[in-house]
Every structure is written in structure tokens, then in C-alpha cells.
Amino acid sequence: MKSPAEWARTGKLIRITRWDEPIMRSQTRPVTVFDDALAQLVADMFATMAAADGVGLAAPQVNVDFAIFVFNCPDADDKLVHGVVCNPVVTLPEGKARRLVSAEEGCLSWPGAYQPLSRPDFAICEGQDETGASIRIEGTGLLARCLQHETDHLHGTVFGDRLSTRSRRKLDEEKEHYAPLYPDDWPVHKKRTAGEVA
Ligand code: NI
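These lines cover the structure that appears in this document, whether it is placed above or below. (Residues numbered from 1 in each chain as written. Predicted model: local features only at pLDDT ≥ 70, side-chain atom pairs only at ≥ 80, totals over all residues. Heavy atoms only, no water.)

What to know about the pattern of salt bridges
Pairing between side chains of opposite charge can happen when their charged atoms approach one another. Stated precisely, the cut-off is as follows: Salt bridges are defined as contacts in which a side-chain nitrogen from Lys or Arg sits within 4 Å of a carboxyl oxygen from Asp or Glu. Only DSSP runs of H or I with at least four residues qualify as helices, and only runs of E with at least two residues qualify as strands; both kinds are numbered from the N terminus onward. Exposure categories follow from relative accessible area, calculated using a 1.4 Å probe and restricted to protein chains: below 20% of the type maximum is buried, above 50% is exposed, and the middle band is partly exposed.
Applying the stated criterion to the full structure yields 14 salt bridges. Among the salt bridges present, the one from E105 reaches R119, with a minimum N-O distance of 2.8 Å. Separated by 14 residues along the polypeptide, E105 in strand 4 (residues 100-105) and R119 in strand 5 (residues 115-120) bring together distant segments of the chain. Across this residue pair, the class does not change: E105 and R119 are buried. Across the salt bridge formed by R136 and E138, the nearest N and O atoms sit 2.6 Å from each other. Residue R136 is classed as partly exposed on the basis of its relative accessible area, which comes to 48%. Through salt bridges with shared partners, a single ionic network connects E105, R119, R145, D152 and R162.

Right, here's the structure in full:
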């Protein structure tokens, strides 16, 4: 399997959409054709995710309404795991096996803002890779959170939807505070430094 850097080499940077744009709130279409155009989309997504310093990126975030995401994310053992998932289905532990962990969460489509959010500390994500082959990922730590977060995006859900009213308000305030650092077409144009904005 190609490394994220190998993927990114043939990818182009695409502007990352924001939560207040309609595509972020829509249900995506299943991926049914695993062709060169899909491979190019994957390359573009790896390039864009790396430029934005992200651990996961879903297709609606590059303005594409297909059910696919890419990730390059550490698990609970700090091991970096990467992959491509089309048509993901997430299974979460139930009953005694279900342990919720609260951790800071952020999103490239609401950049600069973080709030703690409780989620199960383990997730299984099943789907297909970019060739159509079946895949199954068992995620722990940040990876468990990432698999849930990215799959949410493909159903038009953002993590802000899962916050309390008070946490959501704080998140939006933080996003507004850092908004001057992010050009509208970020990461095509780089994030500004605090010095450039002052
Ligand atoms: Ni996100």
C-alpha cells in the first residue's frame, strides 16, 4: 500500500470547505467505480490533508459528495496508521465494552477551534479501499475518534453537532478568533502567522 507521502506526490491542493457550506451538511453518494479518477481524488485528498496538518479528511471537505475519506493518524500506541476508506460503516462497542473518553477534538473545516468531546475509545470501521477491496480497521486512541469523525462527515454531521450548546458557542468563538489566520482557499494558500495578521 502506498504511503501518504507517495499519494501526496501526485496530488494537488484543494480548498477545504467550511461547516457553513451546504456540501458539509449533505448525505454523500456511495463509491461504486474504483477507477483512475478515484485514485486522483485520493491523491488530492492526501496532499490537501498533509498541507493542512490533518489526521483525517473526508471528500465533502474537498467539495466532493462521495462517501470516501483518507486518514493518517496515531492510535493509542502512538503508531501512525494510514488508509483510504470508501463507503465506511462504523461499529462501536455496546454495553460493558463501551468506554467513553473525553478528548479535545478539532476539524479542518472549522479551523483553529477545539473542544472536548466524549466518544467511545474503540471503533471498527469497515468498507472498501481505493481498489474496491474490502477492508476493516480497528481503531484505538485518536484513531478511534478519527474514524468516527470522518464517517460522520459523510452523513452531513460535524462534531459541533455533538457538543452541548455551551461548548458549541465556545467552539464558534474560538473559530472566529482564529479566522484571520486562514485564507478562504486554505491550504492552497498557507495559513498566516499571527505577525502577518497583526
Ligand atoms: Ni472534520
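Some points on the coordination of the nickel ion
Heads up, the rule is: For Na, K and Ca the donor cut-off is 3.2 Å; for every other metal, N, O and S atoms count as donors within 2.8 Å. Water does not enter the count, which can leave sites looking incomplete.
Within the protein, the atoms that donate to the nickel ion are C107 (SG), H149 (NE2) and H153 (NE2), at distances of 2.0 to 2.2 Å. The sequence pattern describing where the donors of the nickel ion fall on their chain is C-x41-H-x3-H. A residue pair is termed a helical-turn pair when its members lie 3 or 4 positions apart in one helix, as H149 and H153 do in helix 3 (residues 141-153) at four residues. A relative accessible area of 6% means that H149 is categorised as buried.

Quick look at the sheet that holds strand 6 (residues 122-128)
Let me state the cut-off plainly: In this description, strands pair whenever DSSP reports at least two bridges between them. Fitted lines through C-alpha atoms serve as axes, helices being fitted only where they are in contact, and the angles separating the N-to-C directions of these axes extend from 0 to 180 degrees. Note on contacts: a residue pair qualifies if any of its non-hydrogen atoms lie within 4.5 Å across the two residues.
A sheet is described by the order of its strands in space; here five strands give the open sequence 1-2-3-6-7, paired in antiparallel fashion. Both edges of this open sheet fall to strand 1 (56-58) and strand 7 (134-140), since each of them pairs with a single strand only. With strand direction ignored, the average angle separating the axes of adjacent strands in the sheet is 35 degrees. The strands that helix 2 (residues 36-51) touches are strand 1, strand 2 (68-74) and strand 3 (80-91); relative to strand 2, the one it contacts most, it runs at about 40 degrees.

Remarks on the state of the cysteines
The criterion, for reference: Cysteine sulfur atoms that pair up within 2.5 Å are treated as a disulfide.
This structure, assessed with the given rule, holds zero disulfides. Free cysteine: C86, not disulfide-bonded; nearest cysteine sulfur from C125 at 11 Å.

Brief notes about the nonpolar core
This is how it is decided: Buried residues of nine kinds, namely Ala, Val, Leu, Ile, Met, Phe, Trp, Tyr and Cys, make up a nonpolar core once their side-chain atoms join them within 4.5 Å.
Ranked by internal contacts, the top residues of the largest apolar core, which has 25 residues, are V42, M45, F46, L57, I68 and V70. When residues of this core are traced back to their parent elements, those giving at least two are helix 1 (4-9), helix 2, strand 2 and strand 3. Ranked by residues supplied to this core, first place goes to helix 2 with eight residues. Apart from residues lying up to four places away in sequence, F46 is in contact with P4, W7, A8, V70, F71, G83 and V84. Counting residues in hydrophobic clusters, the runner-up holds 13 residues, among them A67, C73, C125 and L143.

A word on the side chain of Q61
Looking at the secondary structure, you find Q61 in the loop between strand 1 and strand 2. Overall, Q61 belongs to the buried group, its relative accessible area being 1%. If we ignore the near neighbours within four places in the chain, the residues touching Q61 are R15, I16, T17, M24, G56, C107, L108, S109, E150 and H153.

Some thoughts on unusual backbone geometry
The amide bond that connects W186 to the next residue, P187, takes the cis arrangement and shows omega of 5 degrees. Positive phi is not limited to glycine here, since D53 has a value of about 60 degrees. The residue N63 is not glycine, and still its phi comes out positive at about 65 degrees. Inspection of the secondary structure puts N63 in the loop between strand 1 and strand 2.

Spatial relationships are all this shows, so hold off on functional conclusions.
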